[in-house]
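What follows is each chain in one-letter form.
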Amino acid sequence: MMAEQTMPGSIDPNSVRKVVSVQAPLTVAWQVFTEKMGAWWPLTVYKIGKANAVDAVIEPRVGGRWYERGDDGSTCDWGRVLAWEPPSRLVLSWDISADWQPDPDLKTEIEVRFIAEGKDATRVELEHRKLDRYGPRRDEMRRIFETEGDWGRLLQMFAARAAAA
């Protein structure tokens, strides 16, 4: 597994870009990211619902929900599926405010691209963009996504899970 890195040209203040190499075929990487998010996403700490989160779900279609499921059966929306192009491209809205509450009007975007590197490895590129929609809190949220809440660390967790699949 190659270390996570920031993608070249990531100086856009309204965007965070990360890339990771996954030691898994393209279709496996896609499936682990889209169908088994609850197996690698750290739901004990990265959740926003009131209940203990037990799964993270992406409904496999444009317009589908992206949400966490609580141990009490409740759901808490994180966003929507904007593009569903298996096994190469996924775009999700991230509708979570700077106060970590659902905000269906926010609509920042996360684009994830899966690129085969031979038959047993996949390059995964993630861009979280439209951070200007956080208004005066843009720089704070960009720092969180870049270093503190860190898409790079999440991608490492994903890569480890996909490599073990």
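Check the entry above for the structure.
Let me sum up the structure you'll find in this document. Please read all numbers here as calculations on a predicted model, not as lab measurements.

## Examining the layout of surface pockets
Right, so step 1: Taken as a whole, the largest pocket spans an internal volume of roughly 240 Å³.
Right, so step 2: Forming the boundary of the largest pocket are 16 residues, of which Trp41, Tyr46, Lys47, Trp94 and Trp100 lie nearest the centre.
Right, so step 3: When contributions to the lining of the largest pocket are tallied by element, the ones reaching two or more residues are helix H3 (138-148) and helix H4 (151-164).
Right, so step 4: Classifying every residue of the lining of the largest pocket by side-chain character gives 12 nonpolar, 1 polar and 3 charged.

## Focus on the pattern of salt bridges
Right, so step 1: With the rule as written, the count across this model stands at 20 salt bridges.
Right, so step 2: For Glu125, the salt bridge goes to Arg123, with nearest N and O atoms at 2.7 Å.
Right, so step 3: For Glu125, a relative accessible area of 16% translates into the label buried.
Right, so step 4: Judged by relative accessible area, which is 21%, Arg123 ranks as partly exposed.
Right, so step 5: The closest approach of N and O atoms between Glu146 and Arg142, which form a salt bridge, is 3.8 Å. Of this pair, Glu146 and Arg142 both sit in helix H3, 4 residues apart, which is roughly one turn of that helix.

Conventions we followed
Residues numbered from 1 in each chain as written. Predicted model: local features only at pLDDT ≥ 70, side-chain atom pairs only at ≥ 80, totals over all residues. Heavy atoms only, no water. 1 Å grid on protein atoms, 1.4 Å probe; cavity = no way out; pocket = protein on both sides within 12 Å on 5 of 7 lines; lining within 4 Å. Points joined across faces, edges and corners; volume = space filled by probe spheres on them. Helix = DSSP H or I, 4+ residues; strand = E, 2+ residues; numbered from the N terminus. Nonpolar A, V, L, I, M, F, W, Y, C, P; charged D, E, K, R; others polar. Salt bridge = Lys/Arg side-chain N within 4 Å of Asp/Glu carboxyl O. Buried < 20%, exposed > 50% of the residue type's maximum accessible area, 1.4 Å probe, protein only.

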